[in-house]
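# Report on the structure
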Amino acid sequence: MERKSEVMGLFLLVAISLVLIVSTSSAGIFSRERAGTTGATFLKIEAGARPVAMGGAFVAVADDANTTYWNPAGLAQIEEREITAMHNEWLEGIRYEFLGYVQPIKSEKRVHGFGASVMALYATGLEERTEETQEPEGTFAAYDIALAGAYACKVSKVASIGANLKIIHQRIEDETAWGGAVDIGLLYRFPIPRRRSSRDILQLGFAVQNIGPGIKFIKESDPLPLNIKGGIAKTFELMSIKSQITLALDVNAPVDNVPNGHFGTEFVYGKMKDVELAARVGYKTNTIKDLNALSGLSAGAGFVWKRLAIDYVWVPYGDLGNTHRISLTIKL
């Protein structure tokens, strides 16, 4: 029965992904010419300093409170309540915030996980100019907000499936827009014994993000930034130094660009009492065409003391400047 559930879950997500890929490809999508044609683009800004430091290769890792953004199926492998908050100093004075909460619920028959998150992109002090003279006539603010609730459950010992429901609100001066979207995800987690006291973990992840109708400002409606992704991750335990290394690879197929790759690695050193230190580096290919090769790089570090974790990541964007993100995560 478990094997049948695994196969059905995998078949369901792959079938949905193929339908979306085929339908969008037949419409001439998945090309660079489509860049800038979607609405609510803030939904594409990645959440969490740790996943971003790994180059955005996180759909198969999905093991902390950031999973509500990356792959809702990961909620079923969360073992403790967690809350995380991230601040992102974005480009040109724009700021981005993310707040997420996850909670496992175990029953005799099944393991469940619930999550909630809010993401916000905002800018204040924007100059308002007239079309005739282009002279400033004051300032205004703009913001985008998405509230999300997620649920996941294990359908077998190694497989879980989940979904994320979002409510989207955008405002530019006096104009507003509302919308909704759904994410679906699937996660496979295979422990691989090596020795009596050690084992590696192999994970496969799939997700389809931002499924929903377009979002409308005034009279014009734009499609949501649909994204189909799949990934693989493997964690190696180094028992001699109480540490582990995770290697991850994601492939993204966004509706408004060509497919792109994300690569990441994380080393966690945990030999010190109550303290863990992490170093992370990643690379993604979706920005190097428009900016430069260095813009695909990300690097960061993490510090864990007991139940508190602080993570930082630096991401360059060529001539646009550098961005910095910091996250605080607490296990409750």
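Structure shown above.
In short, a report on the structure. These numbers were taken from a predicted model, which means no experiment stands behind them. (Residues numbered from 1 in each chain as written. Predicted model: local features only at pLDDT ≥ 70, side-chain atom pairs only at ≥ 80, totals over all residues. Heavy atoms only, no water.)

## Examining the pattern of salt bridges
Working definition: two side chains of opposite charge can pair if their charged atoms are close together. Taken as a whole, this structure holds eleven salt bridges when the rule is applied. A salt bridge links Lys44 to Asp256; the nearest nitrogen and oxygen atoms lie 2.8 Å apart. Here Lys44 is found in the loop between helix 1 (2–26) and helix 2 (49–53), whereas its partner Asp256 is found in the loop between strand 11 (243–254) and strand 12 (260–269), with 212 residues between them in sequence. Residue Lys44 is classed as partly exposed on the basis of its relative accessible area of 39%. Overall, Asp256 belongs to the buried group, its relative accessible area being 4%. Two residues, Asp311 and Arg280, come together in a salt bridge whose shortest N-O distance is 2.9 Å. Of the two residues, Asp311 is situated in strand 15 (residues 308–316) and Arg280 in strand 13 (residues 275–284); the sequence distance between them amounts to 31 residues. You'll find Asp311 and Arg280 in the same group, each marked buried. Within the structure, one salt-bridge network assembled from shared partners comprises Arg50, Asp63, Asp64, Glu266, Arg280 and Asp311. (Salt bridge = Lys/Arg side-chain N within 4 Å of Asp/Glu carboxyl O. Helix = DSSP H or I, 4+ residues; strand = E, 2+ residues; numbered from the N terminus. Buried < 20%, exposed > 50% of the residue type's maximum accessible area, 1.4 Å probe, protein only.)

## A word on the environment of Ala49
Note that Ala49 resides in helix 2. Overall, the relative accessible area of 1% leaves Ala49 in the buried class. The spacing of Ala49 and Ala85 is 36 residues in sequence and 9.6 Å in space, taken between C-alpha atoms. Here Ala49 is in contact with Met86, Asp311, Tyr312, Val313, Arg325, Ile326 and Ser327, once residues within four sequence places are set aside. (Contact = heavy atoms within 4.5 Å.)

## Observations regarding the environment of Gly264
Tracing the backbone through its elements, the reader meets Gly264 in strand 12. Residues Gly264 and Leu249 lie 15 residues apart in sequence; the distance between their C-alpha atoms is 6.5 Å. Those residues within four positions of Gly264 in sequence are excluded, and the remaining contacts are Met54, Ala57, Thr246, Leu247, Ala248, Val281 and Gly282.

## Topic: the packing of aromatic side chains
Considering all chains together, one arrives at four aromatic pairs under this definition. Taking 5.9 Å as the distance between ring centres and 65° as the angle between the ring planes, the aromatic pair formed by Phe58 and Trp70 counts as edge-to-face. With Phe58 in the loop between helix 2 and helix 3 (67–70) and Trp70 in helix 3, this residue pair connects regions lying twelve residues apart in the sequence. Exposure remark for Phe58: the relative accessible area of 0% places this residue in the buried category. Judged by centre distance (5.1 Å) and plane angle (50°), the rings of Phe114 and Tyr151 are tilted. Of this pair, Phe114 sits in strand 3 (residues 111–129) while Tyr151 sits in strand 4 (residues 136–154), placing them 37 residues apart in sequence. An aromatic cluster of three or more residues is present, and its members are Phe58, Tyr69 and Trp70. (Phe/Tyr/Trp six-rings, centres within 6.5 Å; stacked < 30°, edge-to-face > 60°.)

That's the geometry; what it means functionally is another story.
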